[in-house]
Amino acid sequence: MALIELSGIERRFQLGDTTVRALAGLDLSISAGEYVAVMGPSGSGKSTLLNLLGLLDRPNAGSYRLEGRDVTTLSADEQAQVRSTRIGFVFQSFHLVPRLTAAENIALPMMLAGIARSERDRRVTEALKNFGLDQRADHKPDQLSGGQRQRVAIARATIMQPALILADEPTGNLDRHTGEEVVNLLEALNASGVTLVVVTHDPQMGERARRQLVMEDGRLKHDSAAHAPA
Amino acid sequence: MRLPDILRFARDAATGYPVRTALSVLAMAIGVAAVVLLTALGDGARRYVVGQFSSLGSNLVIVLPGRTGTGGFNPATAITNTPRDLTIDDAGALRRAPAVHRVAPLAVGTSEINFGGRLREVMVAGTTRDYFAIRDFDLAQGDALPEEDWNRGSAVAVIGATIRAELFGSAPAVGQLVRIGDRRVRIVGVLKSTGQGLGMNTDELVIVPVAFAQAMFNSNTLFRVLVEARSRDAIPQARDQTLTILTQRHRGEEDVTVITQDAVLATFDKLLGALTLAVAGIAAISLAVAGILVMNVMLVAVTQRTGEIGLLKALGAPARTIRLAFLTEAAMLSAVGALLGYLLGQLGAFALRQIFPIFPAYPPDWAVIAGLSTAIGTGLLFGFLPARRAARLDPVQALMKH
């Protein structure tokens, strides 16, 4: 069964008098455990697609089935619940809360989900170790390097053990070397079974994905899976 | 999200921006301190006046000559034309009333007291032995006026502490002969210094038998008759009986005014209570202003933390959690401000009491409770709008602002 099934997805934005079709009749299916790179020029709709997949945005038309369940008709709070348990986000600018330490940032999704303190501490300690951050637990984001910050963000995205990780230009603010580390980390997660969708400008990074989607004007221009043997 | 987590999150968020937080806490603190301090002043004035009245004695019914005079205890009203004099016999007749415990007639005038070449102007009160009991006067030395026929008036006097000090210095006063006006009088007692008493300073008072005073001032009328009822509950009866007896004695003409101390007290109590309430109302305006400031601070916080709110949404926080987090932060600012203001206000009231020991500047409980709850109430009320705005932010837009 496909993890993600999009059919006839439309997303329009009103910009002054003109209506922009960010996504125009998009059909897409992504299976569990896939590693997908979404590429395309600016304004092609790849960020809009990622926001829709992450339930941060709603389509004007079409249906989105996540793990077989139609999530477009869910209420805002039900969608928040799905985000909390099934989806992890990794952002280009990390989006760490500056006043919280690395450990607290990682624990944030569990705190929002109301998980008990002892369980949170246990999982954070484990995550800090897995991501090589055990010496950085009590550091604030401004005391961490770019690579460390993104590792904290990835730890945070995975702490609730989601089925899907959505990464928006995860290496965009990093130098090549640390970017490479972060990509390796994401790929290791994918190897452990998590579905990974990465939006990127970087063709080299896109090449590393097992499946490439190229978007243009709100449509899929190229889907490498379409040419692959069924 | 669990409650302790929400509290910690809100606290960290507030302390993350110390200047802004400190300013709004300060505003709230000043508002609450104003309420506490101003009501302490108002209520202190009320207590002060009520205390002064109570020092006149308890269960008092006061008889004034004339129908019109309802004024206070100004000695100047002693020289008023009344249809019929209020006499010593009138006062004596009141002793027959069943609800009356004690009666003291009072004639007042000014004269000169002279001893050993030292001369000063004094207020002279002519009355009887019961006056001391009714007014609760304590004697420092000697005895009160002797128990005698009210119409006899022997040449004795009890003097106030200041007069004793001025005339006799450290020499003994009791037993000495002094001259009051053109009469020679023997000092039988000295009052304990009190420094209080509405209208009359008892430290500068000379008390002589009532008939003696009337002879000295060449007058038959009394300034007041003080009637003490048997109990607090008997005050209305004592008042009615007094009025009946005096009307009978004055051939059916009701030409005296009878006031109860309770009525006077209640009027002042009400008046100054209203004043305190008005002052509290004015101070409450500053609380509203502080509430609006908290709202402003929280709106700025929502704008400043838009990216963070977007993140929280992306991480799966429902609108309710975000609303609660911001509301908690606003409530915390108000609560800390209110508490600080309460302490500041109490400190101010304490300082006032230290500077003016006679003035009981304690804030009333109702004002403290009202002040604190208004502070937290306005904080929550004005925190609601920013919290709702935060909860309604579009996550995609919010995440782009970083």
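Counting of residues starts from 1 at the beginning of each chain's written sequence and follows it residue by residue. The naming scheme follows written order: chains are lettered A onward, ligands numbered 1 onward. A pLDDT threshold of at least 70 governs which residues receive local features in this predicted model, and a stricter bar of 80 or more applies before side-chain atom pairs are shown or counted, although totals over entire chains, interfaces and linings include all residues.

Examining the overall build of chain B
Thinking step 1. A run of H or I in DSSP becomes a helix once it reaches four residues, and a run of E becomes a strand once it reaches two; helices and strands are each numbered from the N terminus. Across its full length, chain B holds 12 helices and 10 strands.
Thinking step 2. Here chain B has a C-alpha radius of gyration of 33 Å; the compact-globule value for 402 residues is 21 Å, and the former is much larger.
Thinking step 3. Taking the principal axes of the C-alpha coordinates as reference, chain B spans close to 100 × 55 × 30 Å.
Thinking step 4. Exposed residues have 12 or fewer other C-beta atoms within 10 Å of their own C-beta, buried residues have 20 or more, and partly exposed residues fall in between, where C-beta atoms are placed from the backbone. Buried residues in chain B amount to 44% of all 402 residues.
Thinking step 5. Taking the contacts inside chain B whose residues are at least 6 apart along the sequence as the reference set, 83% of them involve residues at least 24 apart. To get the radius of gyration, use the C-alpha atoms; to get the globule rule, take the number of residues to the power 0.38 and multiply by 2.2 Å. Placing a C-beta atom from the backbone of each residue, one calls two residues in contact when those atoms lie within 7 Å.

Let's talk about the nonpolar core
Thinking step 1. Under the definition applied here, buried Ala, Val, Leu, Ile, Met, Phe, Trp, Tyr and Cys residues are grouped into a nonpolar core through C-beta atoms within 7 Å. If you look at the biggest cluster of nonpolar residues, it comprises 129 residues, and the most contacted ones within it are Val38 of chain A together with Met28, Val32, Val35 and Val294 of chain B.
Thinking step 2. Dropping the residues within four chain positions of it, Val294 of chain B is found in contact with Ser24, Met28, Ala330, Leu333, Ser334, Gly379, Phe382 and Gly383 of chain B.
Thinking step 3. Judged by nonpolar contacts, the second largest core, of 62 residues, contains Ile88, Ala91, Ala157 and Ala229 of chain B.

Digging into the sheet that holds strand 7 (residues 164-168) of chain A
Residues and elements named next belong to chain A.
Thinking step 1. In this description, strands pair whenever DSSP reports at least two bridges between them. In space, the 6 strands of this open sheet follow the order 6-7-8-3-9-10, with mixed pairing throughout. One side of each edge strand has no neighbouring strand; the edge strands of this open sheet are strand 6 (87-90) and strand 10 (219-223). Across the sheet, the mean angle from the axis of one strand to that of its neighbour is 20°, orientation sign disregarded.
Thinking step 2. One ladder, built from 4 bridges, connects strand 6 with strand 7; its direction is parallel. When the sheet's bridge partners are listed, Gly88 is paired in strand 7 with Ile165. Axis definition: a line fitted to C-alpha atoms, over the contacting stretch in the case of helices. Angles run 0 to 180 degrees between N-to-C directions.

Thoughts on helix 2 (residues 76-86) of chain A
Thinking step 1. The set of residues buried in helix 2 of chain A consists of Gln79, Ala80, Arg83 and Ser84 of chain A. With its buried residues spanning 145° around the axis, helix 2 of chain A presents them on a single face.
Thinking step 2. As for helix 2 of chain A, its buried residues are in contact with strand 6 and helix 3 (102-112) of chain A together with helix 9 (306-314) of chain B. Each C-beta atom gives one direction from the helix axis, and the arc is the one those directions make.

Structural notes on the packing of helix 8 (residues 261-304) of chain B against helix 10 (residues 319-355) of chain B
Residues and elements named next belong to chain B.
Thinking step 1. Viewed as axis vectors pointing N to C, helix 8 and helix 10 meet at an angle of 140°, and their least axial separation amounts to 10 Å. With respect to their mutual orientation, helix 8 and helix 10 come out oblique. For the pair helix 8 and helix 10, the sense of crossing is right-handed. When helix 8 is examined against helix 10, the residues Ala290, Val294, Met298 and Val302 are found in contact with a partner set consisting of Phe326, Glu329, Ala330, Leu333, Ser334 and Gly337.
Thinking step 2. Polar here means any residue outside two lists: the nonpolar Ala, Val, Leu, Ile, Met, Phe, Trp, Tyr, Cys and Pro, and the charged Asp, Glu, Lys and Arg; Gly therefore counts as polar. For the contact of helix 8 with helix 10, the class distribution of residues is 7 nonpolar, 2 polar and 1 charged. Each angle receives one of four descriptions, namely roughly parallel if under 35 degrees, roughly antiparallel if over 145, roughly perpendicular if within 65 to 115, and oblique otherwise. In a left-handed crossing the near helix is turned counterclockwise from the far helix by less than a right angle, and in a right-handed crossing that turn is clockwise.

A short note on the domain arrangement of chain B
Thinking step 1. Start and end positions for the domains come from either an automated domain assignment or a database one. Each domain of chain B was delimited in the assignment, giving domain 1 (3-52 + 267-400) and domain 2 (67-254).
Thinking step 2. Between the C-alpha centres of domain 1 of chain B and domain 2 of chain B there is a distance of 56 Å.

Digging into the interface of chain B and chain A
Thinking step 1. If you look at the interface, chain B gives 20 residues, while chain A gives 21 residues.
Thinking step 2. Elements that contribute at least two residues to the side of chain B that touches chain A include exactly helix 1 (3-15), helix 9, helix 10 and helix 12 (395-400) of chain B.
Thinking step 3. With 6 residues, helix 9 of chain B is the single largest residue contributor to the side of chain B that touches chain A.
Thinking step 4. Among the residues forming the side of chain B that touches chain A, the class breakdown is 10 nonpolar, 5 polar and 5 charged.

What about the packing of helix 3 of chain A against helix 5 (residues 146-158) of chain A?
Residues and elements named next belong to chain A.
Thinking step 1. Where helix 3 meets helix 5, the closest approach of the two axes is 7 Å, and the angle between their N-to-C directions is 30°. Taken as axis vectors, helix 3 and helix 5 run roughly parallel relative to one another. The two elements helix 3 and helix 5 cross, and the hand of that crossing is right-handed. Across the interface between the two elements, Ala102, Asn105, Ile106, Leu108 and Pro109 of helix 3 pack against Val152, Ala155 and Arg156 of helix 5.
Thinking step 2. Across the contact of helix 3 with helix 5, the residue classes break down as 6 nonpolar, 1 polar and 1 charged.

Points about the pairing of strand 8 (residues 205-209) of chain B
Residue and element names in this part refer to chain B.
Thinking step 1. The element strand 8 is extensively covered by neighbouring structure, given that 5 of its 5 residues are classed as buried.
Thinking step 2. Alignment of strand 3 (residues 118-127) against strand 8, held across 5 bridges, turns out to be parallel. The partner of Thr127 across the bridge, within strand 8, is Pro209.
Thinking step 3. When strand 5 (residues 156-159) meets strand 8, the two strands line up antiparallel, connected through 2 bridges. Opposite Ile159, over in strand 8, you have Val206 as the bridge partner.

Overview of the sheet that holds strand 1 (residues 2-15) of chain A
All names here are of chain A.
Thinking step 1. One open sheet holds the 4 strands; their spatial order is 2-1-4-5, and the pairing between them is antiparallel. This sheet does not close on itself; its edge strands, each paired only once, are strand 2 (18-31) and strand 5 (69-70).
Thinking step 2. Sheet topology note: the strand 1/strand 4 (residues 61-66) ladder contains 5 bridges and is antiparallel. Paired with Glu5 across the strands is Arg65, a residue of strand 4.

Brief notes about unusual backbone geometry
Excluding glycine, residues mostly have negative phi values, and the peptide bonds linking residues are mostly trans.
Residue and element names in this part refer to chain A.
Thinking step 1. Positive phi is not limited to glycine here, since Gln161 has a value of about 50°.
Thinking step 2. As for its position among the elements, Gln161 is in the loop between helix 5 and strand 7.
Thinking step 3. By the C-beta count within 10 Å, which is 10 here, Gln161 ends up exposed.
Thinking step 4. Positive phi outside glycine occurs at Glu169, with the angle close to 50°.
Thinking step 5. Along the polypeptide, Glu169 turns up in the loop between strand 7 and helix 6 (176-191).
Thinking step 6. With 20 C-beta atoms packed within 10 Å, Glu169 lands in the buried category.

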